[in-house]
Amino acid sequence: MTLAEVLPRARQLSAAEKLKLIRILAEDLDTTEDISPLEPFKTYDLPTPGSLVVTVII
């Protein structure tokens with residue numbers, strides 16, 4: 001399945017379901033995989049629309 005196939009369905013989810021999906025996908029990431037340019041166990045602040053800043057720990 002491609003990202004182009006998944007995105008339209010993911011966008012139909014409620015906010016709570018989207019957060020659950022984000023958590024599940026983040027847990028599925030294997031830290032041994034190359035996730036360049038991100039570094040494992042580093043915290044990243046990601047600016048979002050509306051001046052909200054989300055902190056992500058990889």
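Worth saying up front: this structure is predicted, and the values here are computed from it rather than measured.

Parameters and conventions
Residue numbering note: each chain is counted from 1, following its sequence as written. Only residues with pLDDT of 70 or above have their local features reported here, since the model is predicted, and side-chain atom pairs are shown and tallied only from 80 upward, although totals for entire chains, interfaces and linings are computed over all residues. Processing note: side-chain calculations cover all non-hydrogen atoms of the structure and skip hydrogens and water entirely. Salt-bridge detection follows one rule: a side-chain nitrogen of Lys or Arg within 4 Å of a carboxyl oxygen of Asp or Glu. Numbered from the N terminus, helices here are DSSP runs of H or I no shorter than four residues, and strands are runs of E no shorter than two. For each residue, the accessible area found with a 1.4 Å probe, counting protein chains only, is set against the maximum for its type, and the residue is called buried under 20%, exposed over 50%, and partly exposed in between. Only protein atoms enter the calculation, which uses a 1 Å grid: trapped sets of points that fit a 1.4 Å probe without letting it out are cavities, open sets showing protein on both sides within 12 Å along at least five of seven lines are pockets, and any residue with an atom within 4 Å of a point is a lining residue. Grid points are joined across faces, edges and corners, and a volume is the space filled by probe spheres set on the points. Under the scheme applied, nonpolar residues are Ala, Val, Leu, Ile, Met, Phe, Trp, Tyr, Cys and Pro; charged residues are Asp, Glu, Lys and Arg; polar residues are all the others, including Gly.

> Could you clarify how one ought to interpret the pattern of salt bridges in this entry?
One side chain can pair with another of opposite charge once the charged atoms of both are near each other. Tallied over the full model, the rule gives 1 salt bridge. A salt bridge links Glu27 to Arg23; its shortest N-O distance comes to 3.7 Å. Separated by 4 residues within a single helix, Glu27 and Arg23 lie in helix α2 (residues 15-28), roughly one turn from each other. Overall, the relative accessible area of 56% leaves Glu27 in the exposed class.

> Teacher, can you tell me more about the layout of surface pockets here?
Space left empty within the atom packing is revealed by a probe, the size of a water molecule, rolled over the atoms. What the largest pocket holds in volume is close to 450 Å³. Looking at the largest pocket, the residues that line it are Leu3, Val6, Leu7, Ala10, Arg11, Lys18, Leu21, Ile22, Leu25 and Ala26. Listing elements by their share of the lining of the largest pocket, those giving two or more residues are α1 (3-10) and α2. Ranked by residues supplied to the lining of the largest pocket, first place goes to α2 with 5 residues. Here the lining of the largest pocket is built from residues that sort into 8 nonpolar, no polar and 2 charged.

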